[in-house]
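Chain by chain, the residues:
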Amino acid sequence: MDWGTELWDQFEVLERHTQWGLDLLDRYVKFVKERTEVEQAYAKQLRSLVKKYLPKRPGPDSVPFSQQQSFVQILQEVNDFAGQRELVAENLSVRVCLELTKYSQEMKQERKMHFQEGRRAQQQLENGFKQLENSKRKFERDCREAEKAAQTAERLDQDINATKADVEKAKQQAHLRSHMAEESKNEYAAQLQRFNRDQAHFYFSQMPQIFDKLQDMDERRAVHLGAGYGLLSETELEVVPIIAKCLEGMKVAAHAVDPKNDSQVLIELHKSGFARPGDVEFEDFSQPMNRAPSDSSLGTPSEGRPELRGPSRSRAKRWPFGKKNKTVVTEDFSHLPPEQQRKRLQQQLEERNRELQKEVDQREALKKMKDVYEKTPQMGDPASLEPQITETLGNIERLKLEVQKYEAWLAEAESRVLSNRGDSLSRHARPPDPPTSAPPDNSSSNSGSQDAKESSEEPPTEESQDTPIYTEFDEDFEEEATSPIGHCVAIYHFEGEDGEWGPVKAPSPWLRVKTSVLWKKTKGMAGPGSDGKREARDLCTLFLTPWLQLKPV
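As the structure is a computational prediction, the values presented were derived from the model and not from experiment.

A.B. asks: I'd love a proper account of the overall build of the protein, names of residues and values included.
C.D. replies: Along the protein, the regular secondary structure elements total 12 helices and 2 strands. For the protein, the proportion of its 553 residues judged to be buried stands at 34%. Residue pairs at least 24 apart in sequence account for 80% of intrachain contacts in the protein once pairs closer than 6 positions are excluded. When the accessible surface of the protein is split by element, carbon and sulfur atoms take 54% of a total near 35,600 Å².

Here it is in structure tokens:
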């Protein structure tokens, strides 16, 4: 079924319908255009959101947590998702808006041409009908005139008073009118035949062809519009795999959160390496005048009156949770806690080793190039490489010195960490001493020596290395021994001068006591060639904390 056969008399209906189809096409194009604007705005807002919450690029020393990594991965997936929305907007704009807009313009021109052709045919048919009407009216008029002239001639012929000349004249006029009516009749007949032929061509050939062309145009427009509808979904389906990957990436990021690993990362980031504070000793201030002069503790003023330690000093050492003062950054990272200092030094050492290896490789390459230049002078001048070789050698020497420097600092930091770790373990294993103000028993010297031997395998403490001593030892030492409360470390080898002094190997842990340290072992710490008490006393001040006292056996 076609429009030319079934809708041969619905010219205005077809005109309205085709116009409605083009308007629908334009409305869909406008809808897709606004849809692309929505997609672009959505993608832009997503990218702005990602930029707002995406953290700044982490530094070389930062270690992100899995939670942070997952969040960053989700933000990246959202950013990729925004990119897919932009791709959808771009494809819709190019494949739908531009194509359908161009096609709509073509359809409008074609429709205009077809309707102009139909109107011309309709105008021609109307002109033919007007000519037919004119010839018909002329024929009718001529017939009336001829009939009137015939009646007039017949009346004059019967009138006895009319002259012969009047009768002849009337007959001639009647004959003329009859001839003109016959000519009008022939013209009317020819015009009628021509109009019927044109009308048949108009209704059975010309207008059906135009209507069929309009039908074909409208169907092609509908096909393109349906294809545009399909492009709307096809464009979405094209990005579905990528969007599915983005969603899968978000799911993987959610499953990648590892609380245990984050806890370990936090430990690695902020572990200080300090040993836990030891037990606070009991200080009896009720009988200050009964103390013996030899029992004066380190830091006691020369008047014999005990020094009153303020709470601020011990609190600053015991409680690491308060406000930290601003520290000055040092090259060996000594401003950092021991564990963090060790890690930073390790990083610096690895970096220097990489730079050193790079310079060594460059030196070898320059040497090979120089050998090639010496063998084949046309390739280059060997002397031109000398400045580069000299500069490389200087860099190698500088980096070697830096490597040695960082290795020394690293060894010191590692020993400090091990010392703090061992001291913390020993404190944890040893029960705290009960506070007492009674003087030690002299008879316990042998047991103190035995305890010193049994606990000689305990690791060193942090206090024995890091805490300075602010007072001097007394030149005279009492002979009584006390129970040990800690240990110190020997730093020199001592083979022993006679049978009384035992050999000592450094490093070796030694007991730390409340009011004394075993004098034989302290003398061993002084090293060979020492002259006795003064060197041993000065050496011990490097390892014993201020609240300890030294006492010979």
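A.B. asks: Tell me about the packing of helix α2 (residues 11-53) against helix α4 (residues 164-255), and please be specific about residues and values.
C.D. replies: Two elements in contact, α2 and α4, have axes separated by 11 Å at closest approach and are oriented at 15 degrees. Here α2 is positioned roughly parallel relative to α4, judged by the angle of their axes. In the packing of α2 onto α4, the handedness of the crossing is left-handed. Where α2 approaches α4, its residues Phe-11, Leu-14, His-17, Thr-18, Gly-21, Leu-22, Leu-24, Leu-25, Tyr-28, Phe-31, Arg-35 and Glu-39 are matched on the opposing element by Met-207, Phe-211, Met-217, Asp-218, Arg-221, Leu-225, Gly-228, Tyr-229, Leu-232 and Glu-236. Per-class residue counts for the contact of α2 with α4 are 13 nonpolar, 4 polar and 5 charged.

A.B. asks: Account for the side chain of Gln-340, naming residues and giving values.
C.D. replies: Mapped onto the secondary structure, Gln-340 falls in helix α7 (residues 338-375). The exposure class of Gln-340 is buried, given its relative accessible area of 14%. Not counting residues up to four positions away in its chain, the partners in contact with Gln-340 are Glu-268, Leu-269, His-270, Lys-271 and Ser-272.

A.B. asks: Give me the packing of aromatic side chains: which residues, what numbers.
C.D. replies: Per the stated rule, a full pass over the model turns up 10 aromatic pairs. Judged by centre distance (6.1 Å) and plane angle (35 degrees), the ring pair of Tyr-28 and Phe-31 falls under tilted. Placement of both Tyr-28 and Phe-31 in helix α2 is noted, with a separation of 3 residues, approximately one turn of the helix. Residue classification places Phe-31 among the partly exposed positions, given a relative accessible area of 41%. Ring plane angle 80 degrees and centroid distance 6.2 Å describe the contact between Tyr-42 and Phe-81, whose orientation is recorded as edge-to-face.

A.B. asks: Run through the pattern of salt bridges, naming residues and quoting values.
C.D. replies: Using the criterion set out here, one finds 19 salt bridges in the structure. With a closest N to O distance of 2.9 Å, Glu-236 and Arg-85 form a salt bridge. Of this pair, Glu-236 sits in helix α4 while Arg-85 sits in helix α3 (residues 66-158); the two residues are 151 residues apart in sequence, bridging distant segments of the chain. Across the pair, exposure class does not vary: Glu-236 and Arg-85 are buried alike.

A.B. asks: Give a description of the environment of Ser-384 that names residues and reports values.
C.D. replies: For Ser-384, the position within the fold is in the loop between α7 and α8 (386-429). Ser-384 sits 14 residues away from Lys-370 along the chain, and the two C-alpha atoms are 9.0 Å apart. Among the polar contacts made by the side chain of Ser-384, one reaches the main-chain carbonyl oxygen of Asp-381 at a distance of 2.5 Å.

A.B. asks: Summarise the side chain of Gln-348; cite the residues concerned and give the values.
C.D. replies: Residue placement: Gln-348 occurs in helix α7. On the basis of relative accessible area, Gln-348 is assigned to the buried category, the value being 16%. Discounting chain neighbours no more than four positions away, the residues touching Gln-348 are Phe-333 and Tyr-406.

A.B. asks: Summarise the confidence of the model for the protein; cite the residues concerned and give the values.
C.D. replies: Confidence in the prediction of the protein, expressed as mean pLDDT, is 74, and 67% of residues score 70 or more. Low pLDDT, under 50, characterises residues 434-487; the predicted model gives this stretch 132 contacts beyond four residues in sequence or across chains. Overall, residues 508-553 carries pLDDT values under 50, and its contacts beyond four positions in sequence, including any with other chains, amount to 167 contacts.

A.B. asks: How would you explain the packing of α3 against α4 if you had to name every residue and give the values?
C.D. replies: For the pair α3 and α4, the least separation of the axes is 6 Å and the interaxial angle reads 175 degrees. The angle between α3 and α4 places the two elements in the roughly antiparallel class. Across the contact of α3 with α4, the residue classes tally to 45 nonpolar, 20 polar and 25 charged.

A.B. asks: Can you explain a nonpolar patch on the surface? Please cite residues and give values.
C.D. replies: A surface patch of nonpolar side chains, amounting to about 380 Å² of accessible area, comprises Trp-8, Tyr-203 and Phe-204. Take Trp-8: it is sitting in the loop between α1 (3-6) and α2. For Trp-8, a relative accessible area of 43% translates into the label partly exposed.

A.B. asks: If you had to explain the nonpolar core to someone new, which residues and values would you point to?
C.D. replies: Core analysis: the largest hydrophobic core is formed by 40 residues, its most contacted members being Tyr-28, Val-96, Met-207, Phe-211 and Leu-214. The set of elements that each furnish at least two residues to this core consists of α2, α3 and α4. Take this core: its biggest share by element is 16 residues, from α3. Leu-214 has contacts with Trp-3, Arg-111, His-114 and Phe-115, leaving out every residue within four places of it along the chain. Ranked by size, the runner-up nonpolar core spans 10 residues in total, among them Phe-333, Leu-345, Leu-410 and Ala-413.

What counts, and at which threshold
Residues numbered from 1 in each chain as written. Predicted model: local features only at pLDDT ≥ 70, side-chain atom pairs only at ≥ 80, totals over all residues. Heavy atoms only, no water. Helix = DSSP H or I, 4+ residues; strand = E, 2+ residues; numbered from the N terminus. Buried < 20%, exposed > 50% of the residue type's maximum accessible area, 1.4 Å probe, protein only. Contact = heavy atoms within 4.5 Å. Areas by Shrake-Rupley, 256 points an atom, 1.4 Å probe, with all protein chains shown as cover. Axes fitted to C-alpha atoms, helices over the stretch in contact; angles between N-to-C directions. Parallel < 35°, antiparallel > 145°, perpendicular 65-115°, else oblique. Left-handed = near helix turned anticlockwise from the far one by under 90°. Nonpolar A, V, L, I, M, F, W, Y, C, P; charged D, E, K, R; others polar. Phe/Tyr/Trp six-rings, centres within 6.5 Å; stacked < 30°, edge-to-face > 60°. Salt bridge = Lys/Arg side-chain N within 4 Å of Asp/Glu carboxyl O. Polar contact = N/O pair within 3.5 Å; in protein donor to acceptor, adjacent residues only side chain to side chain. pLDDT = per-residue confidence, 0-100. Patch = residues over 30% accessible without salt bridge, like charges linked within 9 Å, V, L, I, M, F, W, Y side chains within 5 Å. Core = buried A, V, L, I, M, F, W, Y, C linked by side-chain atoms within 4.5 Å.

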